[in-house]
Amino acid sequence: MKFSAHSNIALIKYWGKHGHQLPSNPSISFSLKKCQTIMSFAKTPSEEFKLEFFFEDQRNLSFEKKIQEKLKKTSLNLSSFHLKIKSENTFPHSCGIASSASSMACFAKILDNTLNLELDSKSLSSLAREFSGSACRSIKSGAQSWGEVDYIEGSSDKYASFVKIHERFHNLRDTIIVVDSSEKKVSSTLGHSLMNKHSFASARFNQAREHHQQMVEALRTGDWDTFSSLTIHEAWVLHSLMQSADPSFCLLRPDTLKMIEALNDQLNIPFTYTMDAGPNIHLIYEDKYHQDVLNFLEVHRFYESIIEDEVSYE
Ligand code: DP6
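Worth saying up front: this structure is predicted, and the values here are computed from it rather than measured.

Each value, and the rule that gives it
- Residues numbered from 1 in each chain as written.
- Predicted model: local features only at pLDDT ≥ 70, side-chain atom pairs only at ≥ 80, totals over all residues.
- Heavy atoms only, no water.
- Helix = DSSP H or I, 4+ residues; strand = E, 2+ residues; numbered from the N terminus.
- Rg over C-alpha atoms; globule rule 2.2 N^0.38 Å.
- Buried < 20%, exposed > 50% of the residue type's maximum accessible area, 1.4 Å probe, protein only.
- Contact = heavy atoms within 4.5 Å.
- Areas by Shrake-Rupley, 256 points an atom, 1.4 Å probe, with all protein chains shown as cover.
- Lys, Arg positive; Asp, Glu negative; His and termini not counted.
- Charge placed at Lys NZ, Arg CZ, Asp CG, Glu CD.
- Expected span 1.5 Å × (residues − 1).
- Arc of directions from axis to C-beta.
- Phe/Tyr/Trp six-rings, centres within 6.5 Å; stacked < 30°, edge-to-face > 60°.
- Lys NZ or Arg CZ within 6 Å of the ring centre and 35° of its normal.
- Near = heavy atom within 4 Å.
- Polar contact = N/O pair within 3.5 Å; in protein donor to acceptor, adjacent residues only side chain to side chain.

Here's the deal with the overall build of the protein
Step number 1: Within the protein, the secondary structure is distributed over 8 helices and 13 strands.
Step number 2: Here the protein has a C-alpha radius of gyration of 19 Å; the compact-globule value for 314 residues is 20 Å, and the two agree.
Step number 3: In terms of principal-axis extent, the alpha carbons of the protein reach across some 65 × 40 × 40 Å.
Step number 4: A burial count over the protein gives 56% of its 314 residues as buried.
Step number 5: Look at the contacts in the protein between residues 6 or more apart in sequence, and 74% of them connect residues 24 or more apart.
Step number 6: For the protein, the exposed surface amounts to about 14,300 Å²; the carbon and sulfur share of it is 46%.
Step number 7: Both charge centroids of the protein, one from 34 positive and one from 39 negative side chains, sit 5 Å from each other.

Details of helix α1 (residues 61–73)
Step number 1: The end-to-end C-alpha separation of α1 is 19 Å, in line with the 18 Å expected for 13 residues at 1.5 Å each.
Step number 2: Of the residues making up α1, those classed as buried are F63, E64, I67, K70 and L71. Taken around the axis of α1, the buried residues stretch over an arc of 135°, which confines them to a single face. The exposed residues of α1 that point more than 90 degrees off its buried face are L61, S62, K65, K72 and K73.
Step number 3: Residues of α1 that are buried in the fold lie against β5 (50–55), β6 (58–59), α2 (99–114) and α3 (121–131).

With respect to the packing of aromatic side chains
Step number 1: Scanning the model with the defined rule gives 9 aromatic pairs in all.
Step number 2: Their ring planes at 45° and their centres at 5.9 Å tell us that F30 and F227 sit as a pair that is tilted. Note that F30 is positioned in strand β4 (residues 27–45) and F227 in helix α6 (residues 224–243), a separation of 197 residues in sequence.
Step number 3: The class of F30 is buried, set by a relative accessible area of 0%.
Step number 4: What makes F227 buried here is its relative accessible area of 0%.
Step number 5: K43 extends its terminal NZ or CZ atom over the ring of F81, reaching a point 4.9 Å from the ring centre.

Observations regarding the site of the ligand
Step number 1: Taken together, 17 residues sit near the ligand, with Y14, S132, G133, S134 and R137 positioned nearest.
Step number 2: Q21 places a polar side-chain atom, nitrogen or oxygen, 3.4 Å from an oxygen atom of the ligand.
Step number 3: In this structure, an oxygen atom belonging to the ligand sits 3.4 Å away from a side-chain N or O atom of D276.
Step number 4: About the coverage of the ligand: the protein hides 95% of its 460 Å² of free accessible area.
Step number 5: Of the residues forming the shell around the ligand, the biggest block, 3 residues, is contributed by helix α4 (residues 188–194).

Given below as structure tokens:
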């Protein structure tokens, strides 16, 4: 049996958490259509719960250990069976393309199935969150907001909610400019923990709350300029928080900056861009400008490869 879950790209970033995987500020993301994790699994009876995890046909012991620890913190009643999971991504993992989001969302779907939990989408999103925060935004497609706010009915710190967006945003592409596909050196989980004592933490959480509200409004009304400038601003704030953490770290690469400089100087279409916890750039623009982007990328080659994706809006 197979399950899949798509990746997502955050426009307003989740960076900082408390309690059991609860976010310090609300976040919002777009779901991607093509970047997905696909998992197949086999369940057999066993004396005790046992998990074997293969990523691209290689046993992945560190993932197994990470999952086992996270499973202990959940309230799940794991009965006696052996779960063998084979996982594949349609994109390179650990390069800032939110592989933990799609893989943990997919894993939550497998647990739901194997344990006969029959969870509704909110509970499934909440289960995925327990494995990785951003994964709660990868259960359903479209724009997903995570975090309790009074202007989104039914919103919660425990699960993501769908946000309806203006038709201006219905035909967006996300061309992922892979500047460096090597494994990232600092995990998001460590990055989040550095927010606990970060000098800018409370200012950041207030700013993110404001940005989130402004973004929800911009997406609703089709306000491209606000959407675009907030998205870029959030990317830089995220990376500034990393660089001003103690100890500080930087996930950007020289070619990230070269690409962004070229985008700013040479790409004459309406676009926005963002980076997650990695050096790669998500270039977001309307489908009608695809050829302009291809022409631009032909000339400005400060990257390893390109992943062509699309944003889903429903
Ligand atoms: C920069 O969800 O990977 O991508 O909850 O510790 O697993 P954990 O962190 P994770 O953090 C993602 C951070 C981000 C921004 C975002 O997706 O909102």
